[in-house]
Amino acid sequence: DWWHGRPLGDPSDYTENKGNTTIYGSFRIITDKLRKLNPKATILLITPMQRVDFVYLRNPKNNAYGSYREKNGQTLEQVANAIVQIGKMDHLTVIDLFHNKKLPLSQLVKFKRLKDPKTGLYTQFPYPAFVDVPFNPEADEYPYPPESIGLTYDGLHPSDAGNEIIAHQIVKQFKKRHKA
């Protein structure tokens, strides 16, 4: 999990099954378990999509900055690239949401409604203008009203529109598999 700071590790953590101390190693545990449960199952890896600032609807104190910054010295893009690499090494299909041009940072939310530090008035800041505008979960209104919903509804979790793009990619891969 990128946000919780699990180190990326390196491809040998996957190929040599070195355990769950790295992202590479954790993926090996997951793919091995899936193969054990159903040796004939098709394993489809999906990278995380980019994210802007996440603010949980039911608890605004639960919030996190977006993938435009490193977390614990690594980027979410590095995690996505590792998943792509695992797919190549293990001949698994990968749906790369992180690099999907239909899921850009600029469209994840239409704006983030925050107090303008200069005026104190609530203002609709589009990405990337909101990146350095502070949000105080104890005093400020929830920053993602319904009209701000883009491809996510909270900066992280896909909205109906975001889910439609993701579902299309998954269905496309299933159709390829059934043709083969």
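Structure: see above.
First, a word on what this report is: a plain description of the structure on this page. (Residues numbered from 1 in each chain as written. Predicted model: local features only at pLDDT ≥ 70, side-chain atom pairs only at ≥ 80, totals over all residues. Heavy atoms only, no water.)

### Describing the overall build of the protein chain
The line we're drawing: Helix and strand labels come from DSSP, where a helix needs a run of H or I of at least four residues and a strand needs a run of E of at least two; each type is numbered from the N terminus. We call a residue buried when its accessible area falls under 20% of the maximum for its residue type, exposed when it is over 50%, and partly exposed in between, using a 1.4 Å probe and counting protein chains only. When checking whether two residues touch, look at their non-hydrogen atoms; a contact exists if any pair is within 4.5 Å. The method behind every accessible area is Shrake-Rupley, applied with a 1.4 Å probe, and residues are considered shielded solely by the protein chains displayed. This count recognises Lys and Arg as positive and Asp and Glu as negative, with His and chain-terminal groups excluded. Every charge is mapped onto a representative atom, which is NZ of Lys, CZ of Arg, CG of Asp or CD of Glu.
What the protein chain contains, in helices and strands, is five helices and six strands. In terms of overall dimensions, the protein chain has a C-alpha envelope of 60 × 35 × 25 Å along the principal axes. Residue burial in the protein chain is summarised as follows: out of 180 residues, 41% are buried. In the protein chain, the share of contacts with a sequence separation of at least 24, taken over all contacts with a separation of at least 6, comes to 57%. For the protein chain, the computed accessible surface area is about 10,500 Å², with 52% contributed by carbon and sulfur atoms. Of the side-chain charges in the protein chain, 25 are positive and 19 negative, and the distance between the mean point of each set is 8 Å.

### What to know about the nonpolar core
Where we set the bar: Only buried Ala, Val, Leu, Ile, Met, Phe, Trp, Tyr and Cys residues count toward a nonpolar core, and they belong to the same one when joined by side-chain atoms within 4.5 Å.
By size, the foremost hydrophobic cluster in this structure holds 19 residues, and its most contacted members are Val52 and Leu103. Of all the secondary structure elements, the ones that give two or more residues to this core are α4 (105-108) and α5 (160-179). Once you skip the residues sitting within four places of it in the chain, leucine 103 turns out to touch Met49, Gln50, Leu97, Leu108, Leu151, Ile165 and Ile166. Of all hydrophobic cores here, the second largest spans 16 residues; its members include Phe27, Ile43, Val79 and Ala82.

### Thoughts on the pattern of salt bridges
Short version of the rule: The term salt bridge refers to a pairing of a side-chain nitrogen on Lys or Arg with a carboxyl oxygen on Asp or Glu at a separation within 4 Å.
Scanning all chains against the criterion turns up nine salt bridges. When the shortest N-O distance is used, the salt bridge between lysine 61 and glutamate 138 registers 3.8 Å. With lysine 61 in the loop between β2 (54-55) and β3 (63-64) and glutamate 138 in the loop between β6 (122-125) and α5, this residue pair connects regions lying 77 residues apart in the sequence. In this structure, lysine 61 and glutamate 138 share a single accessibility class: exposed. Counted as one network, the salt bridges with shared partners bring together Asp13, Glu16 and Lys18.

### Points about the packing of aromatic side chains
The description of an aromatic ring pair rests on the distance of the ring centres and on the angle between the ring planes. Threshold: For Phe, Tyr and Trp, rings pair up if their centres lie within 6.5 Å, where Trp contributes its six-membered ring, and each pair is then called stacked (planes under 30 degrees apart), edge-to-face (over 60) or tilted (otherwise).
Applying the stated criterion across every chain yields a total of six aromatic pairs. Arranged with centres 5.8 Å apart and planes meeting at 65°, the rings of tryptophan 2 and tryptophan 3 form a pair that is edge-to-face. Residue classification places tryptophan 3 among the partly exposed positions, given a relative accessible area of 22%. A ring pair is formed by tyrosine 68 and tyrosine 127, whose centres lie 5.9 Å apart and whose planes are at 45°; its orientation type is tilted.

### Considering the side chain of serine 67
Note on placement: serine 67 falls in the loop between β3 and α3 (76-90). Overall, the relative accessible area of 10% leaves serine 67 in the buried class. Residues in contact with serine 67, not counting those within four places in the same chain, are Trp2, Gln50, Arg51, Leu76, Phe98 and Leu105.

### Notes on the side chain of aspartate 140
As for its placement among the helices and strands, aspartate 140 is situated in the loop between β6 and α5. In this structure aspartate 140 comes out as buried when scored by relative accessible area, which is 15%.

### Remarks on α5
Test applied: Between the first and last residue of a helix there are one fewer steps than residues, each counted as 1.5 Å, and that sum is the expected span. Arc definition: it is the arc formed by the directions from the helix axis to the C-beta atoms.
Helix length check: α5 (20 residues) gives 28 Å between terminal C-alpha atoms against 28 Å at 1.5 Å per residue, within 8%. Within α5 the residues assigned to the buried category are Gly162, Ile165, Ile166, Gln169 and Gln173. Along the long axis of α5, the arc covered by the buried residues comes to 95°, so they all point the same way. Residues of α5 that are exposed and angled more than 90 degrees away from the buried face: Asp160, Glu164, Lys175, His178 and Lys179.

### Details of a nonpolar patch on the surface
Put simply, the rule reads: To count toward a patch, a residue needs a relative accessible area over 30% and no salt bridge; like charges are then connected within 9 Å, while nonpolar side chains (Val, Leu, Ile, Met, Phe, Trp, Tyr) are connected within 5 Å.
On the surface, Ile30, Leu34 and Leu37 cluster together into a nonpolar patch covering about 290 Å² of accessible area. With respect to the helices, strands and loops of the structure, isoleucine 30 is situated in helix α2 (residues 23-37). Given a relative accessible area of 45%, isoleucine 30 falls into the partly exposed group.

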